[in-house]
Amino acid sequence: MLYELIAIVRPGNLGEVKEIAQAVGSLVLKNGGVVRGIANWGIFSLPKPVSVHQMKHTHGHYFAMRYDSSTQVHEDLRTTLRLEPRMIRAAHVKLGNGKLNTLAAFGPPIWRTHGSEA
């Protein structure tokens, strides 16, 4: 199945974001999945303050990743991110129904960058 992950990491250290993105990508790859795209969106303010792991956050570092994996790998990935103390939030979306013709309709990931009108 094709999934899209949008993750929010605590801001302040780009190295932490890279470590988490690399850990997520390697988990997908080790279990036979494929990483289709990854993008660093940068630091944005959160819609409302969030308390996670006994800390209150008002800003977060966003990144997005699109990947193919089995349902079991997807569940393992969700569990791993839920237990990561540097994570603020993670949202997962299943794209399509797993059939090749519906997945082709999504095309390559189009990531919004600063200064573009995408």
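Further up the page is the structure itself.
Below or above, wherever it landed, is the structure these notes cover. (Residues numbered from 1 in each chain as written. Predicted model: local features only at pLDDT ≥ 70, side-chain atom pairs only at ≥ 80, totals over all residues. Heavy atoms only, no water.)

What to know about the sheet that holds strand E4 (residues 87-95)
The condition is simple: Strands qualify as paired when DSSP identifies two bridges or more between them. What counts as a helix is a DSSP run of H or I of at least four residues, what counts as a strand is a run of E of at least two, and both are numbered from the N terminus. A fitted line through C-alpha atoms serves as each axis, taken over the contacting stretch for helices, and the angle formed by two N-to-C directions is quoted from 0 to 180°. Note on definitions: a residue-residue contact is assigned when non-hydrogen atoms from the two residues lie within 4.5 Å.
In spatial order, the strands read E2-E3-E1-E4; together these four strands make up an open sheet with antiparallel pairing. The open sheet has two edge strands, strand E2 (34-52) and E4, and neither has a second partner. Averaged over all adjacent pairs, the angle separating strand axes in this sheet is 20°, with direction ignored. Pairing between strand E1 (residues 2-9) and strand E3 (residues 55-68): eight bridges, direction antiparallel. The residue bridging Ile 8 from the neighbouring strand is Tyr 62, located in E3. Against the sheet, helix H1 (residues 14-30) contacts E1, E2, E3 and E4, and its axis sits at roughly 35° relative to E3. Running over the sheet, helix H2 (residues 71-83) touches E1, E3 and E4 and is turned about 165° from E4.

Notes on the layout of surface pockets
The condition is simple: Cavities and pockets are found on a 1 Å grid laid over the protein atoms alone: a cavity is a set of points where a 1.4 Å probe fits but cannot escape, a pocket is an open set with protein on both sides within 12 Å along at least five of seven lines, and a lining residue has an atom within 4 Å of such a point. Grid points are joined across faces, edges and corners, and a volume is the space filled by probe spheres set on the points. In this count, Pro and Cys sit with the nonpolar residues alongside Ala, Val, Leu, Ile, Met, Phe, Trp and Tyr, while Asp, Glu, Lys and Arg are called charged and the others, Gly among them, polar.
In this model, the largest pocket occupies a volume close to 170 Å³. Lining the largest pocket, in full, are Val 52, His 53, Arg 78, Leu 81, Arg 82, Glu 84, Met 87, Ile 88, Arg 89, Ala 90 and His 92. Elements with a minimum of two residues in the lining of the largest pocket: H2 and E4. Looking at the lining of the largest pocket element by element, the count peaks at five residues for E4. Class assignment of the residues belonging to the lining of the largest pocket gives a composition of five nonpolar, two polar and four charged.

What to know about the side chain of Glu 4
Worth spelling out the cut-off: Any residue under 20% of the maximum accessible area for its type is buried, any over 50% is exposed, and the rest in between are partly exposed; the area is computed with a 1.4 Å probe on protein chains only. Each polar contact in these results corresponds to two N or O atoms within 3.5 Å; when the atoms are within protein, one needs to be able to donate a hydrogen and the other to accept it, and residues that are neighboring in sequence are counted only if both atoms are side-chain atoms.
As for its placement among the helices and strands, Glu 4 is situated in strand E1. Under the relative-accessibility criterion, Glu 4 is labelled buried at 15%. Only 3.1 Å separates the side chain of Glu 4 from the side chain of Arg 66, close enough to count as a polar contact.

As for the pairing of E2
Two strands pair when backbone bridges link them, and E2 and E3 are joined in this way by 13 bridges, in the antiparallel orientation. Across the sheet, residue Val 50 finds its bridge partner in E3, namely His 57. Once E2 ends, the chain turns through two residues before running back antiparallel as E3, passing His 53 with a positive phi of about 50°.

Geometric descriptors of this kind do not, in isolation, establish any biological role.
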